[in-house]
Amino acid sequence: MSEKRYFRQQQPFVVPTTDGKLIEEHIGLASTGTGQYSVAHMVAPPQWSEPHQRPEFDEVTIVVRGRKRFEIDGDVVELGAGESLLIKAGARVRYSNPFDAECEYWSVCVPAFSPATVNREE
């Protein structure tokens, strides 16, 4: 029998974090060894933020619940549930949830997210 041409993810890789954010990678380098793209489900707690970064990958964010703030090359964009945003590789970006409710969202990165190519500022 030939190899199946699909993969059912039943146990996404839960990325260890220290800031209260839930990251479940369903497809990507950490979960399936896929380098072409990654798909992750995330929940950012209220008042959460990350340092600025300059990723070497495109990233699409789709907000499911709550709101999320993006600082992109000096512009501020806020998304609500049902909205999406594409940030191109090389943009200087900072992600945050400065609001009082959780933000649940999905992220798709092309190529796949990697700590080596996110380029977080100290």
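Conventions and cut-offs
- Residues numbered from 1 in each chain as written.
- Predicted model: local features only at pLDDT ≥ 70, side-chain atom pairs only at ≥ 80, totals over all residues.
- Heavy atoms only, no water.
- Core = buried A, V, L, I, M, F, W, Y, C linked by side-chain atoms within 4.5 Å.
- Buried < 20%, exposed > 50% of the residue type's maximum accessible area, 1.4 Å probe, protein only.
- Helix = DSSP H or I, 4+ residues; strand = E, 2+ residues; numbered from the N terminus.
- Phe/Tyr/Trp six-rings, centres within 6.5 Å; stacked < 30°, edge-to-face > 60°.
- Pairing = 2+ DSSP bridges.

- If you look the chain up in an unreviewed UniProt entry, it shows as Cupin domain-containing protein from Hymenobacter guriensis.

Topic: the nonpolar core
Looking at soluble globular proteins, one finds that nonpolar side chains tend to be buried together.
Next, step 1: Core analysis: the largest hydrophobic core is formed by 16 residues, its most contacted members being Phe70, Ile72, Leu85, Ile87, Tyr95 and Tyr105.
Next, step 2: Going through the elements one at a time, strand 3 (38-44), strand 6 (67-72), strand 8 (84-87), strand 9 (93-97) and strand 10 (103-110) are the ones with two or more residues in this core.
Next, step 3: For this core, the leading source of residues is strand 3, giving three residues.

Describing the packing of aromatic side chains
Next, step 1: Following the criterion strictly, the structure yields two aromatic pairs and no others.
Next, step 2: Between Phe57 and Phe113 the ring centres are 5.6 Å apart and the planes differ by 65°, which places this aromatic pair in the edge-to-face class. With Phe57 in the loop between strand 4 (48-49) and strand 5 (58-65) and Phe113 in the loop between strand 10 and helix 1 (115-118), this residue pair connects regions lying 56 residues apart in the sequence.
Next, step 3: The exposure class assigned to Phe57 is buried, which follows from its relative accessible area of 2%.
Next, step 4: Residue class for Phe113 comes out partly exposed when judged on its relative accessible area of 27%.
Next, step 5: For the ring pair Phe70 and Tyr95, a centre distance of 5.6 Å and an interplane angle of 75° mean the geometry is edge-to-face.

Points about the pairing of strand 3
Next, step 1: Extensive coverage of strand 3 is indicated by the burial of six of its seven residues.
Next, step 2: Sheet topology note: the strand 2 (residues 22-27)/strand 3 ladder contains five bridges and is antiparallel. When the bridges of strand 3 are listed, Ile23 appears paired with Met42.
Next, step 3: Pairing geometry for strand 3 and strand 10, over seven bridges, is antiparallel. Pairing of His41 across the sheet is with Trp106, part of strand 10.

Brief notes about the sheet that holds strand 4
Next, step 1: With antiparallel pairing, four strands are arranged side by side in an open sheet as 4-9-6-7. One side of each edge strand has no neighbouring strand; the edge strands of this open sheet are strand 4 and strand 7 (75-80).
Next, step 2: Sheet topology places strand 6 next to strand 9; four bridges connect them, and they run antiparallel. Along strand 9, the bridge assignment pairs Arg69 with Ser96.

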